[in-house]
Amino acid sequence: NSEITAVTACKVPANRVYYGTDKKRIYKVDNANVGTPTPIDISGSTFHASGNISCIAVNPNNGDELIVVFSNYMVYSLFHTTDAGITWTKVGGNLEANINGTGAGPSLRWASIIPVSDGVIYMVAGSTGVYATDTLNGTSTVWVQQGANTIGNAVCDMIDYRTSDGLVVVATHSNGIFSANITSVNDIVSI
């Protein structure tokens, strides 16, 4: 009794697919290109009892690294794994009003993991703009707003990027589409 709400495929390893549901579940399918593969439930024990997975971001260089985004208000929004879902860490940090996800934090919609020349950039889009960090530090993660004078607090629904030249594109609900080239951690606004 659930619907698939997010799907992503890996480049490394090839033929791995992750999908999430509107009932807080996330599944991994290895060798998705042959036969009738069996999905493995990799849902985190700390995921909220109910929640809609709106995005699964995978590191294009490492299919074991994911960020899962829950778009609901009043639930914890961001979870990270580096071992293909064996363990999950909350990484919403300063985007959450409270450590349990309650309160007036923004609704997050999308995430991207962007490898750059000198590290990795993590970006999220939500109801109050776009945020980025180059360091995930559990519940102490500090997300910094990007494009404060251009995108501002517009609702942002999606982020996409091209690894060949670092083109990052953000789709907003009301202010159009914005782009920038990001090839270094120094290209994001930091604290």
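Residues numbered from 1 in each chain as written. Predicted model: local features only at pLDDT ≥ 70, side-chain atom pairs only at ≥ 80, totals over all residues. Heavy atoms only, no water.

1. So, the layout of surface pockets
We count it as follows: Cavity means a closed set of points on a 1 Å grid over the protein atoms alone, one where a 1.4 Å probe fits but cannot get out, pocket means an open set with protein on both sides within 12 Å along at least 5 of 7 lines, and lining means a residue has an atom within 4 Å of a point. Grid points are joined across faces, edges and corners, and a volume is the space filled by probe spheres set on the points. Here a helix means four or more residues in a row that DSSP labels H or I, a strand means two or more in a row labelled E, and each is numbered from the N terminus. All amino acids are sorted into three groups, where Ala, Val, Leu, Ile, Met, Phe, Trp, Tyr, Cys and Pro are nonpolar, Asp, Glu, Lys and Arg are charged, and the leftover types, Gly among them, are polar.
Computed from the structure, the largest pocket encloses a volume of approximately 380 Å³. Per element, the largest residue contribution to the lining of the largest pocket is 6 residues, and it comes from strand β5 (residues 53-59). Residues that form the lining of the largest pocket fall into these classes: 15 nonpolar, 6 polar and 2 charged. Volume-wise, the second largest pocket comes out at about 210 Å³. Lining the second largest pocket are 16 residues, and of these Q146, G147, I151, A180 and I182 lie nearest its centre.

2. A look at the sheet that holds strand β13 (residues 156-162)
In plain terms, the rule: Criterion used throughout: strands pair if DSSP finds at least two bridges between them. All axes here are fitted lines through C-alpha atoms, helices being fitted over the stretch that makes contact, and every angle between N-to-C directions spans 0 to 180 degrees.
The strand order across the open sheet formed by 3 strands is β13-β14-β15, and the pairing between neighbours is antiparallel. The open sheet is flanked by β13 and β15 (177-181), the only strands paired with a single partner. Each neighbouring strand pair of the sheet contributes to a mean axis angle of 15°, computed without reference to strand direction. Where β13 lies against strand β14 (residues 167-172), 6 bridges are found, and the strand directions are antiparallel. By the bridge assignment for β14, Y161 is matched with V168.

3. Some details on empty space enclosed by the protein
A full pass over the atoms with the stated rule returns 1 cavity of 30 Å³ or more. Counted as a void, the largest cavity has a volume near 60 Å³. Along its surface, the largest cavity is lined by 14 residues, and M74, E96, G101, G105 and P106 are the ones closest to its centre. Residue composition of the lining of the largest cavity, by class: 6 nonpolar, 7 polar and 1 charged.

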